[in-house]
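Here's the letter readout for the chains.
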Amino acid sequence: MVGILMGSASDLDVMSMAQKVLEEMGISSEVLIASAHRSPEKVREYALTARDRGIEVIVAGAGWAAHLAGVLAGWTDVPVIAVPIGSSPFQGLDALLSSVMMPPGVPVAVMAVNGAKNAALFSAQILAVKYPGIRERLGSYRRKQSEEAFARVSP
């Protein structure tokens, strides 16, 4: 249901959080390493066939120039969420700017640098519009999160 792509195996440390959160929510995902620069045909093929495979949201994590999310968005109408990875000497600022500065007509939602957890939660919110079960699990997740935060600050 959610495609998780990353430009390099080194991005897995950050992007595994998205897969973990989706698992907790009972949302299926598939993971692929494909670079917009080093394997552009693989990225193109993934984007063009995503909907046929049942992918309804794509989460794309990449560092440095971070063109992965934008390239995917250019090839599909499936919502794309970018996770800029802080792997460069600029600590992700370059990836953030590359992700957020999309041309008109090619939208990409952009999370914070290394924001894979929020990307997974945003994916769940998108899917919750269509799937009541996901909406219920998302509500439970958020209530539990709130309770845990309150328990940490209560005497």
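Residues numbered from 1 in each chain as written. Predicted model: local features only at pLDDT ≥ 70, side-chain atom pairs only at ≥ 80, totals over all residues. Heavy atoms only, no water.

A separate point is the environment of Phe150. Its location among the elements puts Phe150 in helix 6 (residues 132-153). Classification of Phe150 as exposed rests on a relative accessible area of 58%. Along the backbone, Phe150 and Gly74 are 76 residues apart, and their C-alpha atoms lie at a distance of 42 Å. (Helix = DSSP H or I, 4+ residues; strand = E, 2+ residues; numbered from the N terminus. Buried < 20%, exposed > 50% of the residue type's maximum accessible area, 1.4 Å probe, protein only.)

The end-to-end C-alpha separation of helix 1 (residues 12-24) is 18 Å, in line with the 18 Å expected for 13 residues at 1.5 Å each. Burial in helix 1 covers these residues: Val14, Met15, Ala18, Val21 and Leu22. The buried residues of helix 1 occupy an angular sector of 105° when projected down its axis, which confines them to one face. Turned more than 90 degrees away from the buried face of helix 1, the exposed residues are Asp13 and Glu23. (Expected span 1.5 Å × (residues − 1). Arc of directions from axis to C-beta.)

On to the packing of aromatic side chains. Evaluation of the coordinates by the stated rule reveals zero aromatic pairs. In this structure, Arg53 packs its charged tip against the face of Tyr46, placed 4.3 Å from the ring centre. (Phe/Tyr/Trp six-rings, centres within 6.5 Å; stacked < 30°, edge-to-face > 60°. Lys NZ or Arg CZ within 6 Å of the ring centre and 35° of its normal.)

Below, the discussion takes up the sheet that holds strand 1 (residues 2-6). Across the sheet, five strands lie side by side as 2-1-3-4-5; this open sheet has parallel pairing. Looking at the sheet topology across the chains shown, the edges are occupied by strand 2 (29-33) and strand 5 (109-110). In terms of strand pairing, strand 3 (residues 57-63) meets strand 4 (residues 80-85) through six bridges, oriented parallel. If you follow Ala62 over to strand 4, its bridge partner there is Pro84. Its contacts with the sheet put helix 2 (residues 40-49) on strand 1, strand 2 and strand 3, and the angle it makes with strand 2 is roughly 160°. (Pairing = 2+ DSSP bridges. Contact = heavy atoms within 4.5 Å. Axes fitted to C-alpha atoms, helices over the stretch in contact; angles between N-to-C directions.)

Contact geometry of helix 2 with helix 3 (residues 68-75) gives a least axis separation of 8 Å together with a crossing angle of 50°. Taken together, the axes of helix 2 and helix 3 lie oblique to each other. Our pair here, helix 2 against helix 3, has a crossing hand that is right-handed. Here Val43, Arg44, Tyr46, Ala47 and Leu48 of helix 2 come into contact with helix 3, specifically with Leu68, Val71, Leu72 and Trp75. For the contact of helix 2 with helix 3, the class distribution of residues is eight nonpolar, no polar and one charged. (Parallel < 35°, antiparallel > 145°, perpendicular 65-115°, else oblique. Left-handed = near helix turned anticlockwise from the far one by under 90°. Nonpolar A, V, L, I, M, F, W, Y, C, P; charged D, E, K, R; others polar.)

Along the chain, the position of Ser88 falls in the loop between strand 4 and helix 4 (93-100). On the basis of relative accessible area, Ser88 is assigned to the buried category, the value being 7%. Beyond its immediate sequence surroundings of up to four residues, Ser88 is in contact with Trp64 and Asp94.

With that settled, consider the pairing of strand 1. Taken across its five residues, strand 1 has five buried, putting it largely inside the fold. Going residue by residue along strand 1, you find Val2, Ile4 and Met6 tucked away on one face and Gly3 and Leu5 tucked away on the opposite face as well. Two strands pair when backbone bridges link them, and strand 1 and strand 2 are joined in this way by five bridges, in the parallel orientation. Bridge pairing links Val2 to Ser29 in strand 2. Handedness of the crossover joining strand 1 and strand 2 through helix 1: right-handed. (Right-handed = clockwise from strand over helix to strand, strands pointing away.)

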